[in-house]
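What follows is each chain in one-letter form.
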Amino acid sequence: MLVAASGFVLPTSVSSDPPPATASSSLPDSGVEASPLRDDTKRALIIAISDYGPPPVHPETGEELRGYRALNAANDVPLVRTALERQGFAPENIHVIQDAEADVEGIRDALNDLVRDTDEGDVVVIHYSGHGHRITNDDPDEDDEVDGYDEVLVPYGAPDDFYEGYGGELHLRDDELGEFVLELRRKVGRDGNVTVLIDACHSGTATRGSGDLPARGSASPLGPPARTAGPVDGAGDGTGIDEAAPPRTRGGSDEELGSYVVFSAASQRQVAFETWDIDGKTKVGSLSYAIARTLPEAAPGTTYRTLFANITRALSGKVTQTPQMEGSIDTQVFSNRLIQQFPYVVVDSVLDGTVTLQAGTLLGLNTGTRLVVHDIGTPRPDPASASAVVRVVAATSTEATAEVEEGALTGAHTGAWAFVTERTYGDLGLRVALDPSLSSRDRDGLSQRLTETGIIELVDEGP
């Protein structure tokens, strides 16, 4: 499996002709000009499937099978293409395959061409817009598919139907896509980068009401779960960021591989819905919409973590699913350069000077804890440049309420990052006595340092 939560990657076409501009490709006026320098080391592959063709037929009986419903993936192409061009991707290096070109063999051919054309130090982007699904895991020895299913991307002509003897030949499994991405990481080497954008649903448990906005996938998996399936953790989606180490690679050392990041429109067990573009009339993929709103504004040095935070803000109130990101999340966008990111919590809301934080006592935010609030993308706290200093006045295990002590915050600071500068420990404490034989200098030094911890009370008796 390529990644734990998202599972896929997809290619673009062998054709370099730009697709018809069937959707609004207008991007927000960010004041950022398109890059004047077209970089031949940047190449992208876009796969977009709107029309899944006539219903497929059973290979033996000729019986008509259920096919996948049409989407609006063609509308994503100008959005993504324009966003990449503003980041210095030359038009001739952005290849697109759509609809009938993007059957399972067409996708494989496009990915093979991408691997062939990629050189050491390149930056590679793969964007997929279409249906996603789950299918019975075909490897009983695999131990990373706890629910008994593989995630798959749905090429043109694949059946949305399971029948005896079907092994997913017309779908593209995450394992196969993972091998393509691994080969690309080998080709770009330690100085390159591979970014995967998946605007599809990877699986789903129940389709929530979406009005006339279609879901990019199916709520029901194809086939039964593999026998190796174990219990599935039903926990929530959390932050949408997988901060665990990237998955182990097969063949070649990690040090020789390029960095990679995967952005996904929804979590592993969610349906991803389309949304409206800024014109209010054009249906587009939610991740494609967010990429178009945020990627052109990503200044040099922006990290993937920061880009993801802006993507989730762009989608706030527009979709119900939780976008996901995995991989080398603290590298700079389209780069292998790593940034040290200090831990932070997210400002959930600001109302009349009261600040709600997306963390509580489980992460050490107790009454009295002080934090400094910075803009999204700040790698480390600096009280001198902070928007405000806040102090926690109440906390549950997962949420904290704080008041502003210095500076000013408004609703515009929703999503900002807050860094702890002074910890408190609630009802936890240690009573410590110092050895009377210590010198005055040692006692004074120890007293100062131990008192600063916020959890130690110096006593003469009863330590």
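The rules behind these values
- Residues numbered from 1 in each chain as written.
- Predicted model: local features only at pLDDT ≥ 70, side-chain atom pairs only at ≥ 80, totals over all residues.
- Heavy atoms only, no water.
- Helix = DSSP H or I, 4+ residues; strand = E, 2+ residues; numbered from the N terminus.
- Buried < 20%, exposed > 50% of the residue type's maximum accessible area, 1.4 Å probe, protein only.
- Contact = heavy atoms within 4.5 Å.
- Areas by Shrake-Rupley, 256 points an atom, 1.4 Å probe, with all protein chains shown as cover.
- Core = buried A, V, L, I, M, F, W, Y, C linked by side-chain atoms within 4.5 Å.
- Pairing = 2+ DSSP bridges.
- Salt bridge = Lys/Arg side-chain N within 4 Å of Asp/Glu carboxyl O.
- Phe/Tyr/Trp six-rings, centres within 6.5 Å; stacked < 30°, edge-to-face > 60°.
- Lys NZ or Arg CZ within 6 Å of the ring centre and 35° of its normal.
- Axes fitted to C-alpha atoms, helices over the stretch in contact; angles between N-to-C directions.
- Polar contact = N/O pair within 3.5 Å; in protein donor to acceptor, adjacent residues only side chain to side chain.

## Let's talk about the overall build of the chain
At step 1: Of regular secondary structure, the chain possesses 6 helices and 19 strands.
At step 2: Out of the 463 residues in the chain, the part that is buried amounts to 50%.
At step 3: The long-range share in the chain, meaning contacts at least 24 apart out of those at least 6 apart in sequence, stands at 77%.
At step 4: When the accessible area of the chain is evaluated, it comes to approximately 21000 Å², of which 49% is carbon and sulfur surface.

## Details of the nonpolar core
At step 1: Residues Leu-84, Phe-89, Phe-263, Ile-291, Leu-295, Ile-311 and Phe-334 are the most contacted members of the largest nonpolar core, which totals 40 residues.
At step 2: Among the elements of the structure, strand S1 (42-48), helix H1 (76-86), strand S2 (94-98), strand S3 (123-129), strand S8 (259-264), helix H4 (286-294) and helix H5 (304-315) are those that each provide at least two residues to this core.
At step 3: Excluding residues that lie within four positions of it along the chain, Phe-334 makes contacts with Leu-84, Gln-87, Phe-89, Val-123, Val-125, Asn-193, Thr-195, Leu-295 and Tyr-304.
At step 4: In this structure, Tyr-52, Ile-107, Val-188 and Ala-200 belong to the second largest nonpolar core, which totals 32 residues.

## Regarding the pairing of strand S16 (residues 400-407)
At step 1: The sheet contact formed by strand S13 (residues 354-357) and S16 spans 4 bridges and is antiparallel. Within S16, the position partnered with Thr-356 by the bridge is Thr-401.
At step 2: As paired strands, strand S15 (residues 388-395) and S16 are joined by 7 bridges and run antiparallel to one another. Counterpart to Val-390 in the pairing with S16 is Val-404.

## Re the side chain of Thr-356
At step 1: Within the element layout of this structure, Thr-356 appears in strand S13.
At step 2: Ignoring any residue separated from it by four or fewer positions in sequence, one finds Thr-356 in contact with Val-346, Val-347, Asp-348, Ser-349, Glu-399 and Ala-400.

## Looking at the environment of Gly-454
At step 1: Within the element layout of this structure, Gly-454 appears in the loop between helix H6 (440-452) and strand S19 (456-458).
At step 2: Sequence separation between Gly-454 and Thr-424 is 30 residues, and the spatial gap between their C-alpha atoms is 5.7 Å.

## Description of the pattern of salt bridges
At step 1: Evaluation of the coordinates by the stated rule reveals 17 salt bridges.
At step 2: Salt-bridge contacts for Asp-277 lead to Arg-293; the nearest nitrogen and oxygen are separated by 3.4 Å. Of the two residues, Asp-277 sits in the loop between strand S9 (274-276) and strand S10 (283-285) while Arg-293 sits in helix H4, which places them 16 residues apart along the sequence. In this pair, the class of Asp-277 matches that of Arg-293, namely buried.

## Brief notes about the packing of aromatic side chains
At step 1: Tallied over the entire structure, the rule returns 7 aromatic pairs.
At step 2: Here the aromatic rings of Tyr-52 and Tyr-68 are separated by 5.8 Å at their centres, their planes lie at 45°, and the arrangement is tilted. Of the two residues, Tyr-52 is situated in the loop between S1 and H1 and Tyr-68 in the loop between S1 and H1; the sequence distance between them amounts to 16 residues. One exposure class covers both Tyr-52 and Tyr-68, and it is buried.
At step 3: The interplanar angle of 70° and the centroid separation of 5.3 Å between the aromatic rings of Phe-89 and Phe-334 together place this pair among those described as edge-to-face. Of this pair, Phe-89 sits in the loop between H1 and S2 while Phe-334 is found in the loop between strand S11 (324-327) and strand S12 (345-351), placing the two residues 245 residues apart along the sequence.
At step 4: The class for Phe-334 is buried, based on a relative accessible area of 11%.
At step 5: Clustering of aromatic rings is evident, with ring pairs tying together Phe-263, Tyr-304 and Phe-308.
At step 6: One residue, Arg-293, lies across the ring of Tyr-289, its end atom 5.0 Å from the ring centre.

## Description of the sheet that holds S2
At step 1: With mixed pairing, 6 strands are arranged side by side in an open sheet as S2-S1-S3-S7-S8-S11. Pairing within the sheet leaves two strands with one partner each, and these edge strands are S2 and S11. Adjacent strand axes in the sheet meet at a mean angle of 10°, parallel and antiparallel pairs treated alike.
At step 2: Relative to S2, S1 is paired through 5 bridges, and the arrangement is parallel. Considered in S2, the bridge of Ile-47 is made with Ile-97.
At step 3: Contacts between helix H3 (residues 174-188) and the sheet are confined to S3, strand S7 (193-199) and S8, with S7 contributing the most and set at about 150° to the helix.

## Some points on the side chain of Asp-150
At step 1: Tracing the sequence through the fold places Asp-150 in strand S5 (residues 149-153).
At step 2: Within polar-contact distance, the side chain of Asp-150 engages the side chain of Arg-173 at 2.8 Å.

## Here we look at H4
At step 1: Counting buried positions along H4 yields 9 of 9 residues, so the element is predominantly enclosed.
At step 2: All buried positions along H4 are accounted for by Ser-286, Leu-287, Ser-288, Tyr-289, Ala-290, Ile-291, Ala-292, Arg-293 and Thr-294.

## Describing the sheet that holds S12
Sheet strands line up and pair through hydrogen bonds in the backbone, either parallel or antiparallel.
At step 1: With antiparallel pairing, 6 strands are arranged side by side around a closed barrel as S12-S13-S16-S15-S14-S17. Each neighbouring strand pair of the sheet contributes to a mean axis angle of 45°, computed without reference to strand direction.

## Overview of the environment of Arg-134
At step 1: Considering the arrangement of structural elements, one finds Arg-134 in strand S4 (residues 132-136).
At step 2: For the pair Arg-134 and Glu-151, spaced 17 residues apart in the sequence, the C-alpha separation amounts to 4.5 Å.

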